[in-house]
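Structure assessment
The residues making up each chain are set out below.
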Amino acid sequence: MNIAANNGVWSGSWVAERLGVELVGDDGLTALLGLALRRNPRRAHLLVSNVLGKHVPQSPSVVYGHGFSLGRRVRDLLGESEAGQAVVLGYAETATGLGHSVADGIGLAPYLHSTRRPVAGVAPAGGFEESHSHATSHLLLPEDPALLSGDGPLVLVDDEFSTGNTVLNTIRDLHARYPRKRYVVVALVDMRSAADAGRLTSFAEEIGAGVDLVAAASGTVKLPEGVLEKGQELVARYEESAAAGDQPAAAPSGLVAQFPAPLEGVALDPLGARGTARTAPTGPQTTDNRTAPHLTRVDLHWPHGLPDGGRHGFTPAHRIRLESALPLMAARLAEALPPDARRVLTLGFEELMYAPLRIARELEALVTAEVRYSTTTRSPVLAVDDPGYAIRSRLVFPAHDNPADGPGERYAYNVAGAGFDAVVLFVDSAGDTPELHAPGGLLDRLGAHAPHVLLAVVPSYVPALTEESPAMLPEPLRGPAFSSYPAEDVGWLLQDLSDVTLEAPTEEREEAIQSGGAHYAESLPVEYQPSDQYQALFHAALETSAARIAQAVGVVTETVMAERSPRPVLVSLARAGTPVGVLMRRWAQFRYGLDLPHYAVSIVRGRGIDANALRWLAAHHDPRDVVFVDGWTGKGAITRELADAVEEFEAREGVSGFDPEIAVLADPGSCVRTYGTREDFLIPSACLNSTVSGLISRTVLRADLVGPGDFHGAKFYRELAGADVSVAFLDAVAARFAEVADAVDASVKELAVADRTPTWEGWAAVERISEEYGIHDVNLVKPGVGETTRVLLRRVPWKILARAGAGADLDHVRLLAEQRGVPVEEVGELPYTCVGLIHPKYTRGATGADGRAVNV
């Protein structure tokens, strides 16, 4: 067996020698665990984890790395499809952060942890007992009751798997309410006896579901006869001899505690390097017993409406918001730390483990000081200042969050005597009470052992409780379950209508639309399947225009970040805007290492933007950070539609802050101020339909399918995967980012001082063309390369107007026009490269100038 680093002594040897307790199992078991004694009538010994971040201060990268790697193992066990449907449940209080880290490792799994804190107005969705714990009752309080009712696997996470009673109680309770086919139990250590191991198998057979187990290490605890009584006597004897308050029992004079350094050979950095493993400092230790500590309150700028943890559920969208906010929050902490600090403790608060852990992990990469992480706890444990004992010191202080079970003592272990120059205490706002700040309270106790104490308060999340609440709206759809884009690239604020037949022949749709019998958003055109010749044109266009697009992406993204928000929430208008939104997100990653949130929403001409999508965005983000994104402007109809819709929404909902101006890749119609270029050129994503847009259809709004509380709908064309070029398009453009970076910087500087006031010359041109050609309806005039392509792919075209001398940008337009028997007319004076005209007097069978119906 390996011996954990504590002056070369295993931190369980003190208990093992006195009680005869023995750990038997994997070679790495004693590196993960130490032993202590506790005041508990059910179990005398306590397995103390060196990597959990509860009792033993540890590198946050180590703590997070263990949970994340367990999540990766769960994902491998389940496979991509089942992992995409998994829900993770962690146990309060000890495993709340571990469970959350496991959910991160699985991917985009929603997370919920049990809680011992009742919340007024939130009805429990379940509960269970933890038989060996000092505080047994667990509540499940999801904001969305549907979180636990799915068919996918339920992943249950605890720090140790000892008897299995807690897990069996949980599964029994939940399976009766929300039966499912598979459960996965996850723990840092599996310490069951052979008899207990058999119970899990028989239980799985009893309920008719699969139950798997994933653990970092396994073994058993050998307990001699009478160990409980002997342990209780030992605890009583040492507590009587220990000094009152914080003093550990049997403290050798002059000893300053050393705690485990980061473990060797462990994947500490699953999401990228965040700092390096360091050994404990060897220089002189800082003395304790500070008489005048310096207290600093740090405003983290926690994102508005973001849950502080998984007490009421933590969704993939929440995770994306947190990831985006972490660097700035850590930077604010780093600025507040004393510059000469060599050892810093980040201390979480009972169930509030995950947010402090993630911020601490970011902080570890920003400062030269050694950063450690642990949390306060309800659990009473004997402290003995001996290198062979896991709990070297104990701070005792009164509870400060008005707990439902009444006042009582709380504890912070291995803080006193550890030589920390600064302690950063994280509490949620429910715990920021007078008791926290009072003499003898936690801040006072910490101040006795560190010259600098920083307080960071995370707002306690309060679920919205009304039926109309935006919190009841579903979470965004993501790939691979919906769309071929990677899950992190975009969340679709849509409902999945893939199983509904919505397609109609182009001629039927056009007749219904123009006769007023149907709106264009109530059905879908049959997806155009490109010929080999057309696909070759797409790839050739992509090769020649990728750098040009990359530059426009860079320009519009840099402009947005400079003028609209340094950390924008990108909201693309599905579906033409979505590839652009993904590329803007990729530019922010390439240039600044930022993971910007990105969602796709539906907007329908004549009916406005999806109001439920706006409600969801307002509930999850600051509306002032939202930037609407589209591919290009034509005559500016959608620009005006969005402005009107946002104004109406804000007046009706009492929400303010949304900026309706769209950021576009190309603005040939001069309709917006934020753009990458005003040239009308071929954007290859306009050449195709769903196969360049994540295999997602155009959006649908039909009363019998979309109710008042629903997102607009769309279809996922999984069957077209063989022809999908969505990711290939993104990759081809992103590959050119580095070569255009200098040109982007130059263009951004020019635009910053240029007059970008919209002239709406596109709208004026459309009105003129509508009258000149006797159409008398601007909705049938589609200006620009992108809109003209849409006419040829989706509508019944009449003719195409092309600027004289237009070259390769129109090769695909000419090919489509030839296939559909539509004339291309060259025009000398045209503000666009081309304009598509929809047949102005359509009846079924009429196509093109001569009324011929031509099959595509």
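Residues numbered from 1 in each chain as written. Predicted model: local features only at pLDDT ≥ 70, side-chain atom pairs only at ≥ 80, totals over all residues. Heavy atoms only, no water.

1. Here's the deal with the overall build of the protein
We apply this condition: A run of H or I in DSSP becomes a helix once it reaches four residues, and a run of E becomes a strand once it reaches two; helices and strands are each numbered from the N terminus. Buried means the residue's accessible area, taken with a 1.4 Å probe over protein chains only, is under 20% of the maximum for its type, while exposed means over 50%, and partly exposed covers the values in between. It only takes one pair of heavy atoms within 4.5 Å for two residues to be counted as in contact.
Tallying secondary structure elements over the protein gives 21 helices and 33 strands in all. Taking all 856 residues of the protein together, the buried fraction comes to 60%. Pairs at least 24 apart in sequence give 78% of the contacts found in the protein among residues at least 6 apart.

2. As for the environment of V744
Residue position: V744 is located in helix α18 (residues 737-753). Classification of V744 by relative accessible area gives buried; the value is 0%. In this structure the C-alpha to C-alpha distance between V744 and A552, which are 192 residues apart in sequence, comes to 7.7 Å. Ignoring sequence-local partners within four residues, the contact set of V744 consists of Q551, G554, V555, E558 and W587.

3. Some points on the layout of surface pockets
The cut-off we apply is this: Cavities and pockets were defined on a 1 Å grid built over protein atoms only: a cavity is a set of grid points that admits a 1.4 Å probe from which the probe cannot escape, a pocket is an open set flanked by protein on both sides within 12 Å along at least five of seven lines, and lining residues are those with an atom within 4 Å of any such point. Grid points are joined across faces, edges and corners, and a volume is the space filled by probe spheres set on the points. Under the scheme applied, nonpolar residues are Ala, Val, Leu, Ile, Met, Phe, Trp, Tyr, Cys and Pro; charged residues are Asp, Glu, Lys and Arg; polar residues are all the others, including Gly.
Within this model, the second largest pocket holds a volume of roughly 470 Å³. Around the second largest pocket sit 21 residues that line it, and H301, P303, A325, R567 and D625 are the ones nearest its centre. Element by element, the count of residues in the lining of the second largest pocket is highest for helix α8 (residues 316-336), at 6 residues. Here the residues of the lining of the second largest pocket sort into 9 nonpolar, 5 polar and 7 charged.

4. A few points about the sheet that holds strand β23 (residues 598-601)
Our working rule: Whether two strands pair depends on DSSP finding at least two bridges between them.
Strand order in the open sheet formed by 6 strands is β18-β23-β22-β26-β27-β28, with parallel pairing between adjacent strands. Looking at the sheet topology across the chains shown, the edges are occupied by β18 (491-492) and β28 (674-677). In this sheet, β28 lies alongside strand β27 (residues 659-666) in parallel orientation, the contact comprising 3 bridges. Following the sheet pairing, A663 is matched in β28 by T674.

5. A closer look at helix α9 (residues 354-366)
Put simply, the rule reads: To estimate the expected span of a helix, count its residues, drop one, and scale the result by 1.5 Å.
Over its 13 residues, α9 extends 19 Å from the first C-alpha to the last, a length consistent with the 18 Å expected when each residue adds 1.5 Å. Buried within α9 are the following residues: Y354, A355, P356, L357, R358, I359, A360, R361, E362, L363 and E364. Against the buried residues of α9 lie α3 (60-83), α4 (96-106), α8, β12 (343-348), β13 (370-375) and β16 (422-428).

6. A word on the pattern of salt bridges
Quick note on the threshold: In what follows, salt bridge is the name for a side-chain nitrogen of Lys or Arg lying within 4 Å of a carboxyl oxygen of Asp or Glu.
In total, this model carries 36 salt bridges according to the counting rule given. For R192, the salt bridge identified is with D190, shortest N-O distance 2.9 Å. The buried category is assigned to D190, whose relative accessible area is 12%. D659 is the salt-bridge partner of R564, the closest N and O atoms lying 3.3 Å from each other. One end of the pair, R564, is in the loop between α13 (532-563) and β22 (569-573); the other, D659, is in strand β27, with 95 residues separating them in the sequence. Of the residues examined, D659 reaches a relative accessible area of 30% and is grouped as partly exposed.

7. Regarding the sheet that holds strand β9 (residues 182-190)
Applied cut-off: Lines fitted to the C-alpha atoms define the axes, with helices restricted to the stretch that makes contact. Angles between their N-to-C directions range from 0 to 180 degrees.
Taken in spatial order, the 6 strands line up as β1-β10-β9-β8-β4-β5 in an open sheet, and their pairing is mixed. The open sheet terminates on both sides in strands that have one partner only, identified here as β1 (22-25) and β5 (111-113). Between one strand and the next, the sheet's axes are offset by a mean angle of 25 degrees, whatever the strand orientation. Across 8 bridges, the pairing between β9 and strand β10 (residues 210-222) is parallel. Each residue of the ladder has a partner; that of V185, found in β10, is L213.

8. Here's the deal with the environment of S670
To keep things clear, this is the line we draw: Counting of polar contacts relies on pairs of N or O atoms within 3.5 Å, with two restrictions inside protein: one atom must be capable of donating a hydrogen and the other of accepting it, and residues adjacent in sequence are counted only when both atoms are side-chain atoms.
Looking at the secondary structure, you find S670 in the loop between β27 and β28. Along the chain, S670 and T757 lie 87 residues apart, while their C-alpha atoms are 8.1 Å from each other. Sequence-distant contacts of S670, that is, excluding residues within four places in its chain, are made with T633, R678, T757, P758, T759, W760 and E761. Of the polar contacts made by the side chain of S670, one reaches the side chain of T759; its length is 2.9 Å.

9. A word on helix α16 (residues 637-653)
Here α16 is 17 residues long and its end C-alpha atoms lie 24 Å apart, about the 24 Å a rise of 1.5 Å per residue gives. Buried residues along α16 sit against β24 (603-604), β25 (608-609), α15 (611-620), β26 (626-632), β27 and α19 (761-772). At the C-terminal side of α16, G654 shows a positive phi close to 70 degrees.

10. Looking at the pairing of β23
Consecutive side chains of a regular strand alternate in pointing toward one face of the sheet and then the other. This is how the line gets drawn: Whether a crossover is right-handed comes down to one check: with the strands pointing away from the viewer, does the path from the first strand over the helix to the second run clockwise; if it does, it is right-handed.
Residues H598 and A600 line one face of β23 and the alternating positions Y599 and V601 line the opposite face, and both faces are buried. Two elements, β18 and β23, share 2 bridges in a ladder whose sense is parallel. Bridge assignment links W492 to a residue of β23, and that residue is A600. Inspection of the sheet shows β22 paired to β23 by 4 bridges, in the parallel sense. Opposite L573, over in β23, you have V601 as the bridge partner. Taken together, β22, helix α14 (residues 577-592) and β23 constitute a β-α-β crossover, and its handedness is right-handed.

11. What to know about the packing of α14 against α18
Definition in use: By definition in this entry, angles of less than 35 degrees are roughly parallel, angles greater than 145 are roughly antiparallel, angles of 65 to 115 are roughly perpendicular, and the rest are oblique.
Between α14 and α18, the least distance of the axes is 12 Å, while the angle of their chain directions is 90 degrees. Put simply, α14 runs roughly perpendicular to α18. Packed against α14, whose contacting residues are L583, R586, W587, F590 and R591, the element α18 presents F737, A738, V740, A741, V744 and D745 at the interface. A per-class count over the contact of α14 with α18 returns 8 nonpolar, no polar and 3 charged.

12. Quick notes on the packing of aromatic side chains
For clarity, the threshold we go by: Any two rings among Phe, Tyr and Trp, with Trp reduced to its six-membered ring, count as a pair given centres within 6.5 Å; such a pair is stacked if its planes are under 30 degrees apart, edge-to-face if over 60, and tilted if neither.
Throughout the structure, instances matching the rule amount to 13 aromatic pairs. Seen from their ring centres, Y599 and W616 are 5.1 Å apart, and the 65 degrees between their planes marks the pair as edge-to-face. Pair noted here: Y599 is in strand β23 and W616 is in helix α15, with a separation of 17 residues, a long-range link. Judged by relative accessible area, which is 0%, W616 ranks as buried.

13. Some points on the confidence of the model for the protein
Low-confidence regions, as indicated by low pLDDT, have predicted coordinates that should not be scrutinised in detail. Just so we agree on the cut-off: Per residue, pLDDT measures the predictor's confidence, with a range of 0 to 100.
Of the residues in the protein, 85% have a pLDDT of 70 or more, and the chain-wide mean is 82. Contacts of residues 1-5 to residues separated by more than four positions or lying in other chains number 19 contacts, the stretch itself having pLDDT below 50. Residue range residues 843-856 is modelled with pLDDT below 50. Its contacts to residues more than four positions away, or to other chains, number 32 contacts.

14. Quick notes on the side chain of T788
Following the sequence through the fold, T788 ends up in helix α20 (residues 785-794). Given the relative accessible area of 0%, T788 is considered buried. Leave out the neighbours within four places in its chain, and T788 touches K782, I800, V813, C834, V835 and G836.

15. Digging into the nonpolar core
We apply this condition: Here, the term nonpolar core denotes a set of buried Ala, Val, Leu, Ile, Met, Phe, Trp, Tyr and Cys residues that are joined through side-chain atoms within 4.5 Å.
Formed by 135 residues in total, the largest nonpolar core has its most connected members in V155 and Y389. The element best represented in this core is α3, accounting for 8 residues. Core analysis: the second largest hydrophobic core is formed by 105 residues, A541, I603, L614 and F628 among them.

16. Some points on the packing of α13 against helix α17 (residues 726-734)
Note the threshold: The handedness criterion is simple: a crossing whose near helix is rotated anticlockwise from the far helix by less than a right angle is left-handed, and one whose near helix is rotated clockwise is right-handed.
Relative to each other, α13 and α17 sit at 60 degrees, their axes nearing to 8 Å. Overall, the two elements α13 and α17 adopt an arrangement that is oblique. The crossing of α13 and α17 is right-handed. Residue-level inspection shows L542, A546, I549 and A550 of α13 in contact with α17, the latter providing A728, F729, A732 and V733. Residues of the contact of α13 with α17, tallied by class, amount to 8 nonpolar, no polar and no charged.

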